[in-house]
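# Commentary on secondary and tertiary structure
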Amino acid sequence: MVKKIIAKFEVEYLQVLKHNGRFYPNLIPKLPESDIQKMYELMLLSRKLDEKMLALQRQGKIGTFAPVKGQEASTVGSAYAMGYQDWFFPSFRENPAYITRGLPAEFTLLYHGGDERGNQITPGVNAFPIAVPVGSQTLHAVGFAYGLRLQGKDSACITYFGDGATSEGDVNEAMNFAGVFNLPVVFICQNNQYAISLSRKNQTNAETIAQRAIGFGIKGIQVDGNDIFAVYRATKEALERARNDEGPTLIECVTYRMADHTTADDSSRYRSSREVSFWKKRDPLLRLELYMLKKKIQNYNYFDDIEDVISERVESIVARGESYPPPNVEDIFKFTYKEMPWFLKEQLEELKKTIK
Amino acid sequence: MVKKKKQIKKKSKQKNVLNMVEALNQALFQEMNQDEDVVILGEDVGLDGGVFRVSDGLQKKYGKERVIDTPLAESGIVGFSIGMAAAGLKPIAEIQFSGFLYPAVNQIISHASRLRNRTRGAYTCPLVIRAPCGGGIRALEHHSESMENIFIHTPGIKVVMPSTPSDAKGLLISAIRDPDPVIFYEPKRVYRSIKEDIPKESYEIPLGKARISREGTDVSILTWGSVVKDCNEVADSLKEKVSVEVIDLRTLKPLDIETVIESVKKTGRVVIVHEAPKTSGFGAELIALINEKALLDLQAPVIRVTGFDTIFPLYKLEKHYMPNHDRIMKGINDVLNY
Ligand SMILES: Cc1ncc(C[n+]2csc(CCOP(=O)(O)OP(=O)(O)O)c2C)c(N)n1
């Protein structure tokens, strides 16, 4: 009888900026100061847009949406690490990734205002539209990556999903496909501690989400998701490995959803205010602000002024969103197929007869 | 005088005016109470009480073992329920929105529907899958569809969709006690929009029985779900001119064919109203049945007022997709003026 250990695994963790303002200098990504400032401004824009959307939702101007407050570093940091040739496949809480990759921000307002035109992706942004069915988008990223590789392109794909999504079959199938075909995919799990009311520890008995990678034979790493440098660094390395044919990576960003799940949710039903204030001290914006001050990238005046500058930008985004003329009923039918079949033509004609 | 006052007080005390969410919640409490094998499971059903609060308060009363917050996995929820049901429990699984039933379709069509047949009755699957459905509430993408026909088309599955609080309670209790798998659709547009005084005690409304929501003699409307209310409203607005009968099918499978055919024979004119897409929708089946059983009683071709064969639009245009009053009105006029 033989009884021995045949394999051992380790789970890596990466943090660069600590929440108290300290940092590990040798791990700071080699980025020009202007990029660091841009990353900060993208996070702030995401935050301000989120706040604005909450207000618009309360006024009935847009419908339900999923706020990103608290997760700006993990989304902006990872999207910032992408190259122009890379693609991303988000779920529904990654508005900052769209903004970072250059999608006009008014599209998100249109979409949440119930207008299909908000799902259009500007050419060059290289992204799929929002995916609401949890976890389903991860397989598309894997297939897309296969397509890109077969066409000889040097691109990689990122797909975003939550801690809850890791329980869905699709996400597990996607990681397995990616491993089997050694595909250029980076799986970014935004572990924001909750899937609506279900806490991370009740979602899976595994200690980390990063270690799920081991079962699929792919690389996995856990990073401090409220630390934009850690996220940026881990994503950049994973994308480079992917483009060099070194296989997929799962990155678990440990972060926190500071707002309710959606505007239809009341998070006080399932989490304590103590927990919320614990994470408030770990706000990703605060952390980068401390770093920028310490490194004299900017001074206090800048941080005072930039709020207003960004708020004005948000107002102009809203104005652009509101300038769209309302959609018309043809828009319901037009894109069902390339050619409109007889029955849709008939149904559209019937409908028009009832509209005064 | 004093006596009378007392009586009134007693009567109002017994009132049980509930919306559909509250009626369903009451049914769940009563069934959990009377049968220890009944368990509830799904995403956010316990601590949060369900995103629509249908299972509010149940975990507190019956504990985490019987009111189970599951991981986020619909195939898991339904497959797990099949095992539980076969083991002798009576699971009530909640799928948060009917648009997220699809990961569980394999478990429903390949197993829940077939277990009795495959084992020649040795194993059964008495489970209920509850799912909020339908449009009209400015919801997000994938949160408004009505795809009930997928499961009406599946042999071995029963399909129920109440349109009022009182029906919701009685039908849910029957569904829980039913020996076969039931998909229980809850039109969320109705969840909080209708209130009714309903019996407080537990009661059953048998599956397979339609309800004549409004009697009439000129036209029969066959309908179900959230649009029952719209049909009644349109019928009301026409009452000086036309006598419209509105039949709420309530159970789509097994269908109450008798009530349908009786009404068709009486009026000779039929409008079918449903939110689901037109092509191969349940309306098509109803027309086929009417042709088989009462073709010669018809005075006009049957008209369908339905959702379109398009993707359900985002909410800015949803009022056009829904069989709204104008479209129902046109359907009635078309069948009358044929
Ligand atoms: C397949 C599917 N099931 C259920 C839902 C309803 N739902 C929307 S978001 C959500 C929780 C998602 O949690 P997680 O994956 O952790 O992402 P987060 O919302 O925290 O960003 C649920 C259950 C859905 N959209 N899709």
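Note that this is a predicted model, so its numbers are computed, not measured. (Residues numbered from 1 in each chain as written. Chains lettered and ligands numbered in written order. Predicted model: local features only at pLDDT ≥ 70, side-chain atom pairs only at ≥ 80, totals over all residues. Heavy atoms only, no water.)

## What to know about the sheet that holds strand 5 (residues 128–133) of chain B
Residue and element names in this part refer to chain B. With respect to topology, seven strands assemble into an open sheet ordered 3-2-4-5-7-6-12, the strand pairing being mixed. At either end of the open sheet lies a strand with only one pairing partner, and these are strand 3 (67–69) and strand 12 (251–253). Shown here is a sheet whose adjacent strand axes are inclined to one another by a mean of 20 degrees, direction ignored. Inspection of the sheet shows strand 2 (residues 38–42) paired to strand 3 by three bridges, in the parallel sense. From the neighbouring strand, L41 faces strand 3, where its bridge partner is I68. Relative to strand 2, helix 2 (residues 20–34) is tilted by about 135 degrees, and along the sheet it contacts strand 2, strand 3, strand 4 (90–94) and strand 7 (182–187). (Pairing = 2+ DSSP bridges. Helix = DSSP H or I, 4+ residues; strand = E, 2+ residues; numbered from the N terminus. Axes fitted to C-alpha atoms, helices over the stretch in contact; angles between N-to-C directions. Contact = heavy atoms within 4.5 Å.)

## Quick look at the sheet that holds strand 9 (residues 211–214) of chain B
All names here are of chain B. Taken together, five strands build an open sheet; the order of strands is 9-11-10-13-14 and the sheet is mixed. Lying at the two open borders of the sheet, with one neighbouring strand each, are strand 9 and strand 14 (303–307). Strand-to-strand twist of the sheet, defined as the mean angle between neighbouring strand axes without regard to direction, takes the value 25 degrees. Packed on one face of the sheet, helix 11 (residues 282–294) meets strand 10 (219–223), strand 13 (270–277) and strand 14 and runs near 150 degrees to strand 13.

## Some details on the domain arrangement of chain B
All names here are of chain B. Per the domain assignment, the segments of chain B are domain 1 (17–197) and domain 2 (211–336). Each of domain 1 and domain 2 has a C-alpha centre, and the two are 26 Å apart. Domain 1 puts 31 residues into the contact, and the matching count from domain 2 is 25 residues. Summing the contributions of domain 1 and of domain 2, the shared interface buries around 2,200 Å²; its carbon and sulfur component is 55%. Where domain 1 touches domain 2, the interface holds three salt bridges. R189 is paired through a salt bridge with D230; the nearest N and O atoms lie 2.5 Å apart. Taken together, the connections running from domain 1 to domain 2 amount to 15 residue pairs in polar contact (both at pLDDT 80 or more). (Domains from an automatic or database assignment. Buried area = accessible area lost by both parts, 1.4 Å probe. Salt bridge = Lys/Arg side-chain N within 4 Å of Asp/Glu carboxyl O. Polar contact = N/O pair within 3.5 Å; in protein donor to acceptor, adjacent residues only side chain to side chain.)

## Observations concerning the nonpolar core
In terms of nonpolar packing, the biggest core is built from 151 residues, with Y40, V223, F229 and L288 of chain A together with I108, L249 and I290 of chain B touching the most fellow members. Broken down by element, the residue count for this core peaks at 10 residues, all from helix 1 (residues 33–58) of chain A. With sequence-adjacent residues up to four places away left out, Y40 of chain A is seen in contact with L285, L288, E289, M292, Y302, F303 and I306 of chain A. Among the nonpolar cores identified, the runner-up in size contains 21 residues, and L148, A165, A178 and L250 of chain A belong to it. (Core = buried A, V, L, I, M, F, W, Y, C linked by side-chain atoms within 4.5 Å. Buried < 20%, exposed > 50% of the residue type's maximum accessible area, 1.4 Å probe, protein only.)

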